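Each chain is listed here by its residues.
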Amino acid sequence: MNNLVDRCCHLFPSLRGVWYAIPLRLIIGYGFMEHGYAKLARGPDDFAHILHALGMPAATLLSWATILIELLGGFAVFVGAFIPLASVPMTIVLLVAIFTVHLPNGFSSIKLQSVTAAGAHFGQPGYETDLLYLAGLAALVLGGSGPFALDRLRRRSIVDR
């Protein structure tokens with residue numbers, strides 16, 4: 001694998017050191033889209049009821065806003081487009097999730113409570129996964145969207161003009 005990366009970096013020296021962005025973009029983008037789709041599939045009203053129970057104002061509006069941020073922001077990250085811009089509302093969604101839902105559950109996202117014949121049973125997740133998403137978004141904002149990103153193609157077409 002290193003040999004392949006070395007060859008690619010030899011052919012495209014500007015790509016050296018930026019390959020980390022591809023798996024980050026794929027997992028963060030897909031993860032956000034999956035969460036947004038799950039909320040949409042269950043019904044935005046169901047998520048609005050949860051937000052209302054958490055004491056959030058304008059729960060229906062926030063429900064739709066969260067779904068759109070997760071779907072569109074996730075897609076933007078997945079394809080490497082406008083990551084610094086998309087990261088702002090995505091970060092807000094993560095921080096709200098941390099402080100309203102996950103913080104009381106502690107750090108760990110995996111809390112094995114028991115194992116029965118039906119399988120493993122887990123407790124409420126902590127804020128660990130949200131921090132990992134935040135760290136990944138920060139890495140993409142600071143280090144760039146990497147190769148095979150729409151931002152790179154957009155920049156190249158601007159330079160060619």
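Residues numbered from 1 in each chain as written. Predicted model: local features only at pLDDT ≥ 70, side-chain atom pairs only at ≥ 80, totals over all residues. Heavy atoms only, no water.

J.: Explain the packing of helix H2 (residues 21-42) against helix H4 (residues 59-79) here, please?
T.: Each pair of packed helices can be summarised by the angle the axes make with each other and by the distance between the axes. In contact at an axis separation of 7 Å, H2 and H4 are set at 155° when each is read in the N-to-C sense. With respect to each other, H2 and H4 are oriented roughly antiparallel. The two elements H2 and H4 cross, and the hand of that crossing is left-handed. Here H2 contributes Arg25, Leu26, Ile28, Gly29, Tyr30, Phe32, Met33, His35, Gly36, Tyr37, Lys39 and Leu40 to the contact with H4, which in turn contributes Trp64, Thr66, Ile67, Glu70, Leu71, Gly74, Phe75, Val77, Phe78 and Val79. Residues belonging to the contact of H2 with H4 are distributed by class as follows: 14 nonpolar, five polar and three charged. (Axes fitted to C-alpha atoms, helices over the stretch in contact; angles between N-to-C directions. Helix = DSSP H or I, 4+ residues; strand = E, 2+ residues; numbered from the N terminus. Parallel < 35°, antiparallel > 145°, perpendicular 65-115°, else oblique. Left-handed = near helix turned anticlockwise from the far one by under 90°. Contact = heavy atoms within 4.5 Å. Nonpolar A, V, L, I, M, F, W, Y, C, P; charged D, E, K, R; others polar.)

J.: Help me understand the packing of H2 against helix H6 (residues 128-143), please; the structure alone is not making it clear to me.
T.: Where H2 contacts H6, the two axes come as close as 10 Å, and the packing angle between them is 130°. Taken as axis vectors, H2 and H6 run oblique relative to one another. Regarding H2 and H6, the two cross each other, and that crossing is left-handed. Contacts between H2 and H6 involve Ala21, Leu24, Arg25, Ile27, Ile28, Gly31, Phe32 and His35 from the first element and Tyr133, Gly136, Leu137, Ala139 and Leu140 from the second. Of the residues contributing to the contact of H2 with H6, the split by class is nine nonpolar, three polar and one charged.

J.: Explain a nonpolar patch on the surface here, please?
T.: Residues Tyr37, Leu40, Trp64, Leu68 and Leu72 make up a contiguous nonpolar surface patch of roughly 520 Å² in combined accessible area. Every element with two or more residues in the nonpolar patch is listed here: H2 and H4. Residue contributions to the nonpolar patch peak at three residues, all from H4. Given the relative accessible area of 40%, tryptophan 64 is considered partly exposed. (Patch = residues over 30% accessible without salt bridge, like charges linked within 9 Å, V, L, I, M, F, W, Y side chains within 5 Å. Areas by Shrake-Rupley, 256 points an atom, 1.4 Å probe, with all protein chains shown as cover. Salt bridge = Lys/Arg side-chain N within 4 Å of Asp/Glu carboxyl O. Buried < 20%, exposed > 50% of the residue type's maximum accessible area, 1.4 Å probe, protein only.)

J.: Where do I start with H4 in this structure?
T.: Each full turn of the α-helix corresponds to 3.6 residues, which orients residues three or four apart in the same direction. The terminal C-alpha atoms of H4, which comprises 21 residues, lie 30 Å apart, in line with the 30 Å expected from a rise of 1.5 Å per residue. Those residues of H4 that fall on the buried side of the exposure criterion are Ala59, Ser63, Thr66, Ile67, Glu70, Gly73, Gly74, Ala76, Val77 and Val79. Backbone geometry just downstream of H4 places glycine 80 in the positive-phi region, at approximately 75°. (Expected span 1.5 Å × (residues − 1).)

J.: Help me understand the pairing of strand S1 (residues 112-116) in this model?
T.: The two faces of the sheet receive side chains in turn, since in a regular strand these alternate between them. Where burial is concerned, little of S1 is hidden: zero out of the five residues are buried. Pairing of S1 with strand S2 (residues 119-122) involves four bridges; the strand directions are antiparallel. Each residue of the ladder has a partner; that of valine 115, found in S2, is alanine 120. A loop of two residues connects S1 with S2, the two strands running antiparallel in sequence. (Pairing = 2+ DSSP bridges.)

J.: I keep staring at the environment of leucine 51 and nothing clicks. Help me out?
T.: As for its position among the elements, leucine 51 is in helix H3 (residues 44-53). In this structure leucine 51 comes out as buried when scored by relative accessible area, which is 8%. With twelve residues separating them along the chain, leucine 51 and serine 63 place their C-alpha atoms 7.3 Å apart. Sequence-distant contacts of leucine 51, that is, excluding residues within four places in its chain, are made with Met56, Ala59, Leu62 and Ser63.

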